[in-house]
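Listed below are the residues making up each chain.
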Amino acid sequence: MAELNGAHVLVVGATGGLGTAISKALAGAGARVSVAGRDADKVEALAADLGDQAAGRQNVDVTEPAFAPALLDAAEQVAPLTGVVYAAGVVAFGPVGDLEPDVLGQLIAVNLTGPILLAAAAATRLPEGGFLANLSAVVAEMPMKNMAAYSATKAGLTGFDRALATELRRNKIKVIDVRPPHTETGLVTRALAGTPPRLAEGLSPEQVADRVVRAIAEDTGELASTSFSE
Ligand SMILES: NC(=O)c1ccc[n+]([C@@H]2O[C@H](COP(=O)([O-])OP(=O)(O)OC[C@H]3O[C@@H](n4cnc5c(N)ncnc54)[C@H](OP(=O)(O)O)[C@@H]3O)[C@@H](O)[C@H]2O)c1
């Protein structure tokens, strides 16, 4: 069981719908949270919301190849890290025949290369009892038409997380692959390309965040898409 009271957690993509809800839920569980995001104003606003629970605040573009060690160095200057959450992500819709190379490049950079680089930098720094949580998605389990490239990045991340979980088990570092179903964050309205399909009402970001924080506190290794109603 990971003790969150007094822990220090870095959340990357903290300014997004899920990143914000997870940052607040972690703070509510007693953790100090270092928030990292692309937009300086949003980062400041979130840190102000977190008040005393805000540890560090940093601007980051996860498509920069050297972003991860620099981010971890800065966070560790505040206090040793207990855990890292990667909640940055982008989506795109449309048939594969319409997929532009730069959209594919962004999807892979933000959804797959980013969390792998962050995990690679964090793996040797996190303590025994530490954790890494990565936001994959339900489409890793059920890839969807008109979301093929997005689905591929999420399936890739889930595969990475499963391998990493076995690798870090001996160091007693927990890897949590989080695969939420559709959640009302507005992500689909910010698609890099294409038009989203009609979607039924999704979960609230707070529902997903509470489940993630419970998984961190308990000994849960994966959060399958079906585990969010538990
Ligand atoms: N919402 C859903 O239905 C759903 C379901 C399953 C899984 N997920 C996954 O959950 C994660 C979070 O999604 P969300 O719904 O919270 O989306 P969101 O509200 O759009 O948040 C995405 C976050 O990623 C950040 N980001 C994007 N590109 C970046 C870059 N190059 N460098 C740094 N940060 C970058 C955004 O920063 P800015 O604020 O600066 O744009 C934002 O903070 C994603 O990986 C998504 O695939 C979402």
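Residues numbered from 1 in each chain as written. Predicted model: local features only at pLDDT ≥ 70, side-chain atom pairs only at ≥ 80, totals over all residues. Heavy atoms only, no water.

- The chain goes by SDR family oxidoreductase in an unreviewed UniProt entry, where it is assigned to Nakamurella flava.
- Heading Sequence similarities (unreviewed entry) of the UniProt record for the chain holds this comment: "Belongs to the short-chain dehydrogenases/reductases (SDR) family." (UniProt positions renumbered as here; feature names shortened; annotations may be inferred.)

### A few points about the packing of helix H1 (residues 17-28) against helix H2 (residues 40-50)
Describing two packed helices takes the angle between their axes plus the distance from one axis to the other.
Part 1 of the argument: Orientation of H1 relative to H2, taken along the N-to-C sense of each, is 25°, at an axis distance of 10 Å. Relative to H2, H1 is oriented roughly parallel. The crossing of H1 and H2 is right-handed. For the pair H1 and H2, contact is made by Thr20, Ser23, Lys24 and Ala27 and by Leu46, Asp49 and Leu50, respectively.
Part 2 of the argument: Grouping the amino acids of the contact of H1 with H2 by side-chain chemistry returns three nonpolar, two polar and two charged. (Axes fitted to C-alpha atoms, helices over the stretch in contact; angles between N-to-C directions. Helix = DSSP H or I, 4+ residues; strand = E, 2+ residues; numbered from the N terminus. Parallel < 35°, antiparallel > 145°, perpendicular 65-115°, else oblique. Left-handed = near helix turned anticlockwise from the far one by under 90°. Contact = heavy atoms within 4.5 Å. Nonpolar A, V, L, I, M, F, W, Y, C, P; charged D, E, K, R; others polar.)

### Observations regarding a nonpolar patch on the surface
Part 1 of the argument: There is a patch of nonpolar side chains on the surface, built from Val96, Leu99, Leu104 and Ile108 and spanning about 290 Å² of accessible area.
Part 2 of the argument: Of the residues examined, leucine 104 reaches a relative accessible area of 32% and is grouped as partly exposed. (Patch = residues over 30% accessible without salt bridge, like charges linked within 9 Å, V, L, I, M, F, W, Y side chains within 5 Å. Areas by Shrake-Rupley, 256 points an atom, 1.4 Å probe, with all protein chains shown as cover. Salt bridge = Lys/Arg side-chain N within 4 Å of Asp/Glu carboxyl O. Buried < 20%, exposed > 50% of the residue type's maximum accessible area, 1.4 Å probe, protein only.)

### Quick word on the layout of surface pockets
Part 1 of the argument: Approximately 1100 Å³ is the volume found for the largest pocket.
Part 2 of the argument: In terms of lining, the largest pocket is formed by 43 residues, of which the most central are Ala87, Ala88, Gly89, Val90 and Leu187.
Part 3 of the argument: Those elements that place two or more of their residues in the lining of the largest pocket are H1, strand S2 (32-37), helix H4 (101-123) and helix H5 (148-169).
Part 4 of the argument: For the lining of the largest pocket, the element with the highest residue contribution is H1, accounting for three residues.
Part 5 of the argument: Looking at the lining of the largest pocket residue by residue, the classes come out as 24 nonpolar, 13 polar and six charged.
Part 6 of the argument: Of the pockets and cavities examined, the second largest pocket occupies roughly 170 Å³.
Part 7 of the argument: Forming the boundary of the second largest pocket are Asp161, Arg162, Ala165, Arg169, Lys172, Ile173, Lys174, Val175, Ile176, Asp177, Gly221 and Glu222.
Part 8 of the argument: Where the lining of the second largest pocket is concerned, the elements lending two or more residues are H5 and strand S6 (174-178). (1 Å grid on protein atoms, 1.4 Å probe; cavity = no way out; pocket = protein on both sides within 12 Å on 5 of 7 lines; lining within 4 Å. Points joined across faces, edges and corners; volume = space filled by probe spheres on them.)

### Some remarks on the sheet that holds strand S4 (residues 83-86)
Part 1 of the argument: Taken in spatial order, the seven strands line up as S3-S2-S1-S4-S5-S6-S7 in an open sheet, and their pairing is parallel. With one partner strand each, in any of the chains shown, strand S3 (54-59) and strand S7 (222-223) form the two edges of the open sheet.
Part 2 of the argument: Relative to S7, S6 runs parallel, the two sharing two bridges. Note that in S7 the partner of valine 178 across the bridge is leucine 223. (Pairing = 2+ DSSP bridges.)

### Focus: the UniProt feature "domain: Ketoreductase" (unreviewed entry) in the chain
Part 1 of the argument: Mapped onto the present numbering, the UniProt feature "domain: Ketoreductase" (unreviewed entry) falls at residues 7-182.
Part 2 of the argument: Between the end C-alpha atoms of residues 7-182 there is a gap of 29 Å, over a span that is 45% helix and 18% strand.

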